[in-house]
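So you can see what is in the structure, the chains are spelled out below.
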Amino acid sequence: MMPYGTAAEAEAALGRSMTWAEALWFRYSAGMPDLWLTWNIALVYLVMYAVAPLPVMILQQLAPGYALRHKLQPGVPQPSPVSAYLTYIWDSKGVTLSALGPFPLIYSAAFKLFGVRTGLPLPSIWETAMHLVVYSLVEDYLSYWLHRFLHTKWGYENIHHVHHEKTAPSGFAAAYATGTELTLYLITLFLGPAIVPSHVTTHWLWFAIRIMEAFDAHCGYDFPFTLARFIPFFGGAEFHDYHHYAGEKTKSNFSSVFTHCDYIYGTNKGYMYHKRSLAKLTTKEAEHNMKGSSGKEDWD
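All values reported here derive from a predicted model rather than from experimental measurement.

Participant: Explain the overall build of the protein to me, using residue names and the numbers behind them.
Facilitator: Of the regular secondary structure elements, the protein holds 16 helices and zero strands. The buried share of the protein, taken over its 300 residues, is 43%. Of all intrachain contacts in the protein linking residues separated by at least 6 positions in sequence, the fraction that spans at least 24 positions is 69%.

This is the structure in structure tokens:
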């Protein structure tokens, strides 16, 4: 709860007029207890988990031919988008209950401990961007090693095997995992904000972005507009789809967002060999088709 009763008091404390964003934040949060303010993280989760799968689902429904051309494993049958979405909502009920109960309570306790800001001023765009970069790098490094642990014999058999039931994942597979695995990944997600505290709005933005990225990595499609085509070292769906395709024994593609850890530690070799093999096969098929067309023209 902010220590200001009116907007005028807030502006007097700032020594300037509030920006439109700060005025909006003041109206929303000035009289809200910190406990309820931190509970908003559950709202972010519920909205993002409901909305993030919709763009690909709508594209599948309205332009199935276009979607199929960009599917990474086109030979694997998929249920209808609506059926998959309803199944996803049902399968996520345990995670949803956790998001509404234990998770916000733990987050609220950590909120005070790690010095999360809730008042004014709001962080600048530059400050927010720098925090998000740090959080991405911290989470990516930690989740890389966690993922490698989950592919040890004990980690896979006791925790990670459920997630790999989806060998040709869709975006709905992002949350398809045991509660233990999801909890471990939540720790990597919030360790960056614990190390480098920021404003609570940055937390919400970071959480929302990470959920969208998880859905992107599991969507099963390599569309021309995916982020992996524009951001260096960004993994994306093609990168992570191979990890699911290879399954339990894979030693490749453990990174969650960026690919630099796999490159540095040499765990992208299977994936690179796979890509070279596909490229050679595509070239041979093209040459064969050209020869076939040439022979037909000669006969004519």
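Next comes the rest of the description.
Participant: I'd love a proper account of a nonpolar patch on the surface, names of residues and values included.
Facilitator: On the surface, a nonpolar cluster with roughly 560 Å² of combined accessible area is contributed by Tyr-141, Trp-145, Tyr-263, Ile-264 and Tyr-265. Take Tyr-265: it is sitting in the loop between α15 (260-264) and α16 (269-299). The exposure class assigned to Tyr-265 is partly exposed, which follows from its relative accessible area of 35%.

Participant: Please provide a residue-by-residue account of the layout of surface pockets, values included.
Facilitator: Approximately 830 Å³ is the volume attributed to the second largest pocket. Of all elements in the fold, only α5 (54-62), α7 (81-91), α10 (125-150) and α13 (200-218) reach the threshold of two or more residues within the lining of the second largest pocket. Tallying contributions element by element places α13 first for the lining of the second largest pocket, with seven residues. Among the residues making up the lining of the second largest pocket, the classes are represented as 29 nonpolar, seven polar and four charged.

Participant: Please give an account of the side chain of His-163 that cites residues and values.
Facilitator: By the secondary structure assignment, His-163 is in the loop between α11 (153-158) and α12 (179-195). Classification of His-163 by relative accessible area gives buried; the value is 6%. Only 3.2 Å separates the side chain of His-163 from the side chain of His-244, close enough to count as a polar contact. If sequence neighbours within four positions are ignored, His-163 has contacts with Ala-173, Ala-174, Tyr-176, Ala-177, Glu-181, His-218, His-240 and His-244.

Participant: I'd like a rundown of the confidence of the model for the protein, residues and numbers included.
Facilitator: Looking at the protein, pLDDT values average 83 and 88% of them are 70 or higher. Confidence scores differ between elements of the protein, with helix α8 (residues 93-100) showing the lowest mean pLDDT of 64 and α10 the highest of 95.

Participant: Which residues make up the packing of aromatic side chains, and what values go with them?
Facilitator: Given two aromatic rings, their pairing is described by the distance between the two centres and the angle made by the two planes. In the structure shown here, the tally under the stated rule is 18 aromatic pairs. Judged by centre distance (5.6 Å) and plane angle (25 degrees), the rings of Tyr-144 and Tyr-265 are stacked. Taken together, the positions of Tyr-144 in helix α10 and Tyr-265 in the loop between α15 and α16 put the pair 121 residues apart, joining distant regions of the chain. For Tyr-144, a relative accessible area of 0% gives the class buried. Aromatic pair Tyr-221 and Phe-223: ring centres 5.2 Å apart, planes at 5 degrees, arrangement stacked.

Participant: Tell me about the packing of α13 against helix α14 (residues 236-246), and name the residues and values.
Facilitator: Running from N to C, α13 and α14 cross one another at 60 degrees; their axes reach a closest spacing of 6 Å. Between α13 and α14, the residues in contact are Asp-216, Ala-217 and His-218 and Gly-236, Ala-237, His-240, Asp-241 and His-244, respectively. For the contact of α13 with α14, the residue count by class is two nonpolar, four polar and two charged.

About the criteria used
- Along each chain, residue indices are assigned from 1 in the same order as the chain's sequence is written.
- Reporting in this predicted model follows two pLDDT cut-offs: at least 70 for local features of residues, and 80 or more for side-chain atom pairs to be given and counted; totals over whole chains, interfaces and linings ignore these cut-offs and use all residues.
- Side-chain figures throughout are based on the complete set of non-hydrogen atoms in the structure, without hydrogens or water.
- Secondary structure follows DSSP: runs of H or I at least 4 residues long count as helices, runs of E at least 2 residues long count as strands, and numbering of each begins at the N terminus.
- Working definition: with a 1.4 Å probe on protein chains only, accessible area under 20% of the residue-type maximum means buried, over 50% means exposed, and in between means partly exposed.
- Contact criterion: two residues are considered in contact whenever any of their non-hydrogen atoms come within 4.5 Å of each other.
- Residues qualify for a patch when their relative accessible area is over 30% and they have no salt bridge, like charges being joined within 9 Å and the nonpolar side chains of Val, Leu, Ile, Met, Phe, Trp and Tyr within 5 Å.
- Only the protein chains shown count as covering a residue, and every accessible area follows the Shrake-Rupley method with a 1.4 Å probe.
- For salt bridges, the criterion is a side-chain nitrogen of Lys or Arg within 4 Å of an Asp or Glu carboxyl oxygen.
- Put simply, the grid is 1 Å and covers the protein atoms alone, a cavity is a trapped set of points that fit a 1.4 Å probe, a pocket is an open set with protein on both sides within 12 Å along at least five of seven lines, and lining residues have an atom within 4 Å of a point.
- Grid points are joined across faces, edges and corners, and a volume is the space filled by probe spheres set on the points.
- Classification used: nonpolar for Ala, Val, Leu, Ile, Met, Phe, Trp, Tyr, Cys and Pro, charged for Asp, Glu, Lys and Arg, polar for all others including Gly.
- Counting of polar contacts relies on pairs of N or O atoms within 3.5 Å, with two restrictions inside protein: one atom must be capable of donating a hydrogen and the other of accepting it, and residues adjacent in sequence are counted only when both atoms are side-chain atoms.
- Every residue is assigned a pLDDT by the predictor, reflecting its confidence on a scale from 0 to 100.
- Here the aromatic set is Phe, Tyr and Trp, taking the six-membered ring for Trp, and pairing holds for ring centres within 6.5 Å; pairs whose planes are under 30 degrees apart are stacked, those over 60 apart are edge-to-face, and all others are tilted.
- Axis definition: a line fitted to C-alpha atoms, limited for helices to the stretch in contact. Angles are taken between N-to-C directions and run from 0 to 180 degrees.

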